[in-house]
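Now for the letters of each chain:
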Amino acid sequence: MEFNKFDLHPNVAAGVKAAGYVTPTPIQVQAIPPVLNGQDVMGLAQTGTGKTAAFVLPILNRLMQGGQRGKLRALIIAPTRELSEQIHEAIGNLGKQTRVRSATIYGGVGMGPQIQKLRNGAEIVVACPGRLLDHINQRTINLSNVEVLVLDEADRMFDMGFLPDIKKIISHVPAKRQTLMFSATMPDDIRRLTQEVLHAPVTVQVDHTAPANTVTHALYPVEQHLKTALLLELLKHTDTDSVLVFTRTKHRAKRVGQQLEKSGYKAVSLQGNLSQNKRQEALDGFRKGKYQVLVATDIAARGIDVSSISHVINYDMPDTADAYTHRIGRTGRAAKTGDAFTFTTREDNEMVRAIERVLREKVERRTLEGFNYKTPTPARDTEFARPPREQQRRSPHASASAKPKGTYAGRTETRTAGKSEVKKTSWRSPAARRFSWSKVDNNRAHNQVI
Ligand code: AMP
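Here the focus is the overall build of the protein. Of regular secondary structure, the protein possesses 17 helices and 14 strands. Per-residue burial over the protein gives 54% buried out of 450 residues. A fraction of 78% describes how many contacts in the protein between residues 6 or more apart in sequence connect residues 24 or more apart. Just so you have it, the protein exposes about 20,700 Å², and 49% of that area is on carbon and sulfur atoms.

Shown next as structure tokens:
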């Protein structure tokens, strides 16, 4: 199957070619024909499957087929600014030859430039719900010409409490329209929403494990206090390209990032506390290769789209099997392969079983040769002592960073923060910066805990 089978407008086909896409991904094979046909579509697919192009290409095609130019005809709603920017970027890339104008709308930046772009005749708008409602209320956006409405990552928007906003927005969009909804999961609330907003939809689904087909999974059982040492040793012995490391809390993301930097890696951490500018700098730096390791929590990493991630390392186990597939969806993108390494402690056994059920395979347990797994917990260090049973239990739906104080993760963080915070080096020589990150001598860092 090749893209020319879709019979796209030549200018859209040129964009596909320029983007270097040769073979459509499974979600594209299934979704593009009904979307081109004007049907409503419910797409069950997660990030990394090529779902963006599955709706962007037919939208561009529609706009090239005629109709009024310079009117807002396609509205895409996404949960985060990052995802909105990525969709906008995809429209720019795939639509390079179409002269279709798209604009993003999200909070945290001025309304003025957004209003200007809308006035200049944006035909596609990619928006986050809150700011879009502001524009609707201030009558600075006109949705009366919208022909296509896309709800991307519907389950995430639902998790983030956007459902009431979305319903209000939909009430301002013409009832006669094409609606496309994409979601990684299909909880009851999303099912109800599809019945409300989609008309006779075609449901397309890529197997939950589809992106994992290009991903090799491995578990690394390790004691909690040796995770950082294991991470450093693993990076030293693994041929990596770009590495995304997931931690359970933002404090730990920060400290792991610092520890990696201290050991000579070009690393950066992404935490909720960062200003939008710093966050963008970190993401751009990671995308462009300035940083080879990005450490983040699930929430901070939402919407990251970096096609060259070779390794996802779960420093901490995710809270749900679904979060696992979301995380590893960041590697093994499209035609590439990737590795997903997960550090597991004894407390994680139940989650390991849940993940194996989703993957429908037993995941290989690995030990790293030469690594000293026997290093004891540092003296006087009670932070890694196992918590009482009831504190280990986590709600399967609890958000990773929204843990109440007093849980295991919270206690670990607090104690560690006061005890072994990594000292900041105020200056590093250019020579140190040039250090080849994969060849760094990490021996010094061995068995340090954070
Ligand atoms: P998405 O799931 O939309 O976030 O896409 C994941 C990644 O796959 C993005 O980096 C896309 O540029 C890339 N991609 C999408 N479709 C294709 C394709 N048919 N061939 C190669 N790469 C693709």
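This brings us to the environment of Ser242. Tracing the backbone shows Ser242 in strand S9 (residues 242-246). Those residues in contact with Ser242 that sit more than four places away from it in its chain are Phe286, Gln292, Ser308, Ile309, Ser310 and His311.

Right, let's talk about the sheet that holds strand S5 (residues 148-151) for a bit. Each strand in a sheet pairs with its neighbour through backbone hydrogen bonds, running either in the same direction (parallel) or in the opposite one (antiparallel). Taken in spatial order, the seven strands of this open sheet run S3-S4-S2-S5-S6-S1-S7, and their pairing is parallel. Strands with a single pairing partner mark the edges of an open sheet, and in this sheet they are strand S3 (102-105) and strand S7 (202-205). Direction aside, neighbouring strands of the sheet carry axes that sit 15 degrees apart on average. Pairing between strand S1 (residues 41-44) and S7: four bridges, direction parallel. In the strand pairing of S7, Met42 is matched with Thr203.

What follows is about the packing of helix H6 (residues 129-137) against helix H8 (residues 163-170). Axis separation between H6 and H8 bottoms out at 10 Å; the angle between their running directions is 40 degrees. Taken together, the axis directions place H6 and H8 in an arrangement best described as oblique. Handedness of the H6/H8 crossing: left-handed. The residues of H8 that touch H6, namely those facing Pro129, Gly130, Leu132, Leu133 and Ile136, are Asp165, Ile166, Lys168 and Ile169. Grouping the amino acids of the contact of H6 with H8 by side-chain chemistry returns six nonpolar, one polar and two charged.

Of note, Lys362 is situated in the loop between helix H14 (349-359) and strand S14 (364-365). Judged by its relative accessible area of 64%, Lys362 is exposed. Expressed as a C-alpha distance, the spacing of Lys362 and Ala218, which sit 144 residues apart in the sequence, is 9.6 Å.

Our next topic: helix H13 (residues 321-328). The buried fraction of H13 amounts to seven of the eight residues, a majority that puts the element mostly inside the structure. Its side-chain oxygen at 2.9 Å from the backbone nitrogen of Ala323, Thr320 defines the N-terminal cap of H13.

Cut-offs applied
Residues numbered from 1 in each chain as written. Predicted model: local features only at pLDDT ≥ 70, side-chain atom pairs only at ≥ 80, totals over all residues. Heavy atoms only, no water. Helix = DSSP H or I, 4+ residues; strand = E, 2+ residues; numbered from the N terminus. Buried < 20%, exposed > 50% of the residue type's maximum accessible area, 1.4 Å probe, protein only. Contact = heavy atoms within 4.5 Å. Areas by Shrake-Rupley, 256 points an atom, 1.4 Å probe, with all protein chains shown as cover. Pairing = 2+ DSSP bridges. Axes fitted to C-alpha atoms, helices over the stretch in contact; angles between N-to-C directions. Parallel < 35°, antiparallel > 145°, perpendicular 65-115°, else oblique. Left-handed = near helix turned anticlockwise from the far one by under 90°. Nonpolar A, V, L, I, M, F, W, Y, C, P; charged D, E, K, R; others polar. Polar contact = N/O pair within 3.5 Å; in protein donor to acceptor, adjacent residues only side chain to side chain.

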